[in-house]
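# Summary of structural features
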Amino acid sequence: MASSVGGPKFRRGDRVRVLSLDVKGHVRTPWYIQGKTGVIERSHGPYLNPESLAYGGSGLPAQPLYLVRFNQLEVWEGYTGPGDDRVLADVFEHWLEPA
Amino acid sequence: MSNQHGHGDHSNEQGSSHPGASQDAELGHYARRVQALEALLTEKGICTQGEIQRAVEETEARSPADGARVVARAWVDSEFKARLLANAKAAVAELGYEAAADLPDLVVAENTDKQHHLVVCTLCSCYPTWLLGRPPDWYKSLTYRSRAVVDPRGVTREFGLELEPNVEVRVLDSTADIRYLVLPQRPDGTEGLSEEELARLVTRDSMVGVSNPHVPEPAPAD
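Conventions and cut-offs
- Residues numbered from 1 in each chain as written.
- Chains lettered and ligands numbered in written order.
- Predicted model: local features only at pLDDT ≥ 70, side-chain atom pairs only at ≥ 80, totals over all residues.
- Heavy atoms only, no water.
- Phe/Tyr/Trp six-rings, centres within 6.5 Å; stacked < 30°, edge-to-face > 60°.
- Helix = DSSP H or I, 4+ residues; strand = E, 2+ residues; numbered from the N terminus.
- Buried < 20%, exposed > 50% of the residue type's maximum accessible area, 1.4 Å probe, protein only.
- Contact = heavy atoms within 4.5 Å.
- Salt bridge = Lys/Arg side-chain N within 4 Å of Asp/Glu carboxyl O.
- Polar contact = N/O pair within 3.5 Å; in protein donor to acceptor, adjacent residues only side chain to side chain.
- Nonpolar A, V, L, I, M, F, W, Y, C, P; charged D, E, K, R; others polar.
- Pairing = 2+ DSSP bridges.
- Expected span 1.5 Å × (residues − 1).
- Arc of directions from axis to C-beta.
- Domains from an automatic or database assignment.
- Core = buried A, V, L, I, M, F, W, Y, C linked by side-chain atoms within 4.5 Å.
- pLDDT = per-residue confidence, 0-100.
- Axes fitted to C-alpha atoms, helices over the stretch in contact; angles between N-to-C directions.
- Parallel < 35°, antiparallel > 145°, perpendicular 65-115°, else oblique.
- Left-handed = near helix turned anticlockwise from the far one by under 90°.

## Observations concerning the packing of aromatic side chains
Following the criterion strictly, the structure yields nine aromatic pairs over all chains and no others. Taking the centre distance of 5.0 Å and the plane angle of 25° together, the rings of Y32 of chain A and W76 of chain A count as stacked. Of the two residues, Y32 of chain A is situated in the loop between strand 1 (15-18) and strand 2 (37-47) and W76 of chain A in the loop between helix 2 (72-75) and strand 4 (86-92); the sequence distance between them amounts to 44 residues. W76 of chain A carries the same exposure label as Y32 of chain A, and that label is buried. An angle of 65° between the planes, with centres 4.9 Å apart, marks the rings of Y127 of chain B and Y139 of chain B as edge-to-face. Taken together, the residues span a long stretch of sequence, with Y127 of chain B in the loop between strand 2 (115-120) and helix 6 (129-132) and Y139 of chain B in helix 7 (residues 137-140) at a distance of 12 residues. An aromatic cluster of three or more residues is present, and its members are Y127, W138, Y139, Y144 and F159 of chain B.

## Focus on the interface of chain A and chain B
Listed by partner, the interface residues are 26 residues for chain A and 27 residues for chain B. Across the contact surface, chain A and chain B share two salt bridges. A salt bridge links R153 of chain B to D85 of chain A; the shortest N-O distance between them is 2.8 Å. Joining chain A to chain B, the criterion identifies 15 residue pairs in polar contact (both at pLDDT 80 or more). Contributing elements (two or more residues each) for the side of chain A that touches chain B: strand 2, strand 3 (63-71) and strand 4 of chain A. At six residues, strand 4 of chain A tops the list of elements feeding residues into the side of chain A that touches chain B. Looking at side-chain class alone, the side of chain A that touches chain B contains 14 nonpolar, four polar and eight charged residues. Across four bridges, strand 4 of chain A lies against strand 3 (residues 168-173) of chain B in parallel orientation. Following the sheet pairing, L88 of chain A is matched in strand 3 of chain B by L172 of chain B.

## Some details on helix 2 (residues 49-61) of chain B
All names here are of chain B. With 13 residues, helix 2 should reach 18 Å at 1.5 Å per residue; the first-to-last C-alpha distance of 18 Å fits that figure. Looking at helix 2, one finds that the buried residues are Q49, I52 and V56. Within helix 2, the buried residues cover an arc of 65° as seen down the axis, which keeps them to one side. Facing away from the buried surface of helix 2 by more than 90 degrees, the exposed residues are E58 and A61.

## What about the domain arrangement of chain B?
Buried accessible area, meaning the area lost when the parts come together, often serves as the stated size of an interface. Split into domains, chain B comes out as domain 1 (15-60) and domain 2 (62-208). Using C-alpha coordinates to define each centre, domain 1 of chain B is positioned 30 Å away from domain 2 of chain B.

## So, the nonpolar core
With 72 residues, the main nonpolar core has V68 and L96 of chain A together with V70, L84, V92, L131 and Y144 of chain B as its most contacted residues. No other element matches the six residues that helix 3 (residues 64-76) of chain B contributes to this core. Those residues in contact with L84 of chain B, other than ones at most four positions away along the chain, are V70, A74, A91, V92 and V108 of chain B.

## Notes on the confidence of the model for chain B
All names here are of chain B. Taken over all residues, the pLDDT of chain B has a mean of 89, while the share at 70 or more is 87%. In this model residues 1-17 is a low-confidence stretch, pLDDT under 50, and it forms 22 contacts with partners more than four residues away in sequence or in other chains. On the interface metric, ipTM, the complex scores 0.94, and its pTM is 0.87.

## Focus: the pairing of strand 2 of chain A
Residues and elements named next belong to chain A. Among the 11 residues that make up strand 2, eight are buried, leaving the element largely enclosed by the rest of the structure. The pairing of strand 1 with strand 2 spans three bridges and is antiparallel. Note on strand 2: the bridge partner recorded for R15 is V39. Looking at chain direction, strand 2 and strand 3 are connected through seven bridges and run antiparallel. Across the sheet, the residue bridging to P46 is P64, located in strand 3.

## Notes on the side chain of S174 of chain B
Residue position: S174 of chain B is located in the loop between strand 3 and strand 4 (178-183). Setting aside residues no more than four positions away along its own chain, S174 of chain B makes contact with R28 of chain A together with V119, V120, C121, C126, Y139 and Y180 of chain B.

## Some words on the packing of helix 3 of chain B against helix 4 (residues 78-86) of chain B
Residue and element names in this part refer to chain B. Two elements in contact, helix 3 and helix 4, have axes whose closest approach is 5 Å; the angle formed by their N-to-C orientations is 125°. Classified by the angle their axes make, helix 3 and helix 4 are oblique. Considering how the two elements wind past one another, helix 3 and helix 4 form a crossing that is left-handed. Of the residues in helix 4, those in contact with V70, R73, A74 and V76 of helix 3 are S78, F80, K81 and L84. For the contact of helix 3 with helix 4, the per-class residue count stands at five nonpolar, one polar and two charged.

As structure tokens, then:
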């Protein structure tokens, strides 16, 4: 964990949409959830930004990191499992907007 | 460059009876790449060869038996389990597993009658190495990394675990600074087992979530 400016913007249970940002290089937001809507499952606290850290940067300001839960049926066209199945991924706050 | 080869040179794994085998020209692509990285890190003063060696030794010292100890303790001690689920790094430190401050944080996900967790890293191969040791090769394969998120039930079926339709499958993609460890369900029929006996039922794969722990052999009839 690292210190950050301000507290986390989202709380457990909030609905969020994952942005499709045009960031080149080291990105930790997998493509398959970009543009998808999910629910905040857990707030991990602030972590250094990997998009800066990976290139020798300071990683500051630290970004709140969340575990976000998605319905598998909404993520994958043709998902064959039951409707309750979920996929969860850690997403940095600057990749999220309220939904 | 140091002649004290680190983990880039695995020639010692096979013993030292083939001295020619560790000549640089005969090293594979990745071994040479690791040697080059080690040389750069030490030449630039980012870390010392000794620090690299210690990090390698710490990783090699850990194995799934360490994770199994944690799981078995959670099975027999509900208060420990509560602490493990609330703050895993602090809880495992109680068992002597102190994580250095720069290691990734740990979150433990509990399997229940209603939920089954499966861990993957679709971006690379993030894994709770400091508790389970090095990940198996299949965990790092492109096949597992893509199929685990798209078809988790198909993946567990191939590991011998058929998940019931009324169980919610939750795939945890470790995309950032958190490492996930699955706390599998304690098998039925293990009421009389000691903590050590329970730990022996806990497999590496059950802590990744692709399978369940071993079920104890029934006691032989008299």
